[in-house]
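Chain by chain, the residues:
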Amino acid sequence: MDLRYPIGEFKYDGPNTREQQAVLIDQIDEEPRNLCEAVKDLFPEQLDTPYRPDGWTVRQVTHHLADSHLNSYVRFKWTLTEEEPTIKAYDEVRWSDLDDARSAPPEVSLLLLEALHRRRILLLRSLTAADFKRTYRHRHTGLMTLDKALSLYAWHGRHHISHITSLREKLGWQ
Ligand code: NI
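From a predicted model like this one, the values you see are computed outputs, not experimental measurements.

Rules and cut-offs
- Residues numbered from 1 in each chain as written.
- Predicted model: local features only at pLDDT ≥ 70, side-chain atom pairs only at ≥ 80, totals over all residues.
- Heavy atoms only, no water.
- Axes fitted to C-alpha atoms, helices over the stretch in contact; angles between N-to-C directions.
- Helix = DSSP H or I, 4+ residues; strand = E, 2+ residues; numbered from the N terminus.
- Parallel < 35°, antiparallel > 145°, perpendicular 65-115°, else oblique.
- Left-handed = near helix turned anticlockwise from the far one by under 90°.
- Contact = heavy atoms within 4.5 Å.
- Nonpolar A, V, L, I, M, F, W, Y, C, P; charged D, E, K, R; others polar.
- 1 Å grid on protein atoms, 1.4 Å probe; cavity = no way out; pocket = protein on both sides within 12 Å on 5 of 7 lines; lining within 4 Å.
- Points joined across faces, edges and corners; volume = space filled by probe spheres on them.

> Teacher, can you tell me more about the packing of helix H1 (residues 18-39) against helix H8 (residues 146-171) here?
Helix packing for two helices is described by the angle between their axes and how far apart those axes are. Between H1 and H8, whose axes approach to 9 Å, the crossing angle comes to 25°. Relative to H8, the element H1 lies roughly parallel. Our pair here, H1 against H8, has a crossing hand that is left-handed. Note on element contacts: H8 touches H1 through Asp147, Leu150, Ser151, Tyr153, Ala154, Gly157, Arg158, Ile161, Ile164, Thr165 and Arg168, opposite Gln21, Leu24, Ile25, Gln27, Ile28, Glu31, Asn34, Leu35, Glu37, Ala38 and Val39. Partitioned by chemical class, the residues of the contact of H1 with H8 number eleven nonpolar, six polar and five charged.

> Can you help me understand the layout of surface pockets in this one?
In this approach the atoms are scanned with a rolling probe the size of a water molecule, which exposes any empty space left behind. When its volume is computed, the largest pocket comes out at roughly 760 Å³. In this structure, the largest pocket is lined by 30 residues; those nearest its centre are His64, Glu92, Trp155, His156 and His160. When contributions to the lining of the largest pocket are tallied by element, the ones reaching two or more residues are helix H3 (58-81), helix H4 (92-97), strand E1 (135-138) and H8. The element contributing the most residues to the lining of the largest pocket is H8, with seven residues. Residues of the lining of the largest pocket, tallied by class, amount to twelve nonpolar, ten polar and eight charged. Lining the second largest pocket are 14 residues; nearest its centre among them are Lys11, Asp13, Asn16, Leu24 and Ser151. Elements supplying a minimum of two residues to the lining of the second largest pocket: H1 and H8. When residues of the lining of the second largest pocket are assigned to their parent elements, the largest contribution, four residues, is made by H1. For the lining of the second largest pocket, the residue count by class is five nonpolar, five polar and four charged.

Function cannot be inferred from these measures alone, as they are strictly geometric.
Structure below.
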């Protein structure tokens, strides 16, 4: 198995139906709880263990989810209020290398994600079928509909949480 992709790489077979969108929103809704469960009771040395050789530590993965999903929230808001905005991409590797991402307790990002997700889920559940067809431009991914972005971020949360849960399983951390 490729340690980078425990649940497989991102695939989009969309556009999603309204029912599929509701399932994806539920997956995003569960993310803070699942992340909290994934890092529960880990010691500092465990939090500073990379999930794969040369990969991010459990702590960095946790803070990356907050970084990424803050950006995603802002992208959705821009796209709903502007015509095809061009997104300011961020360098996730360098963000994760900054001191806060390397050293802050995971609880900080868990709290941030919990509050962020309450806003995010309210927003996502309010979107109409037409809203999900709105688009933004991103220099790496090109033109993205909010429907595709919804699929991407539902995958992204599960993807990174599975880095932590598969490490826990592999190393027998209970
Ligand atoms: Ni990521």
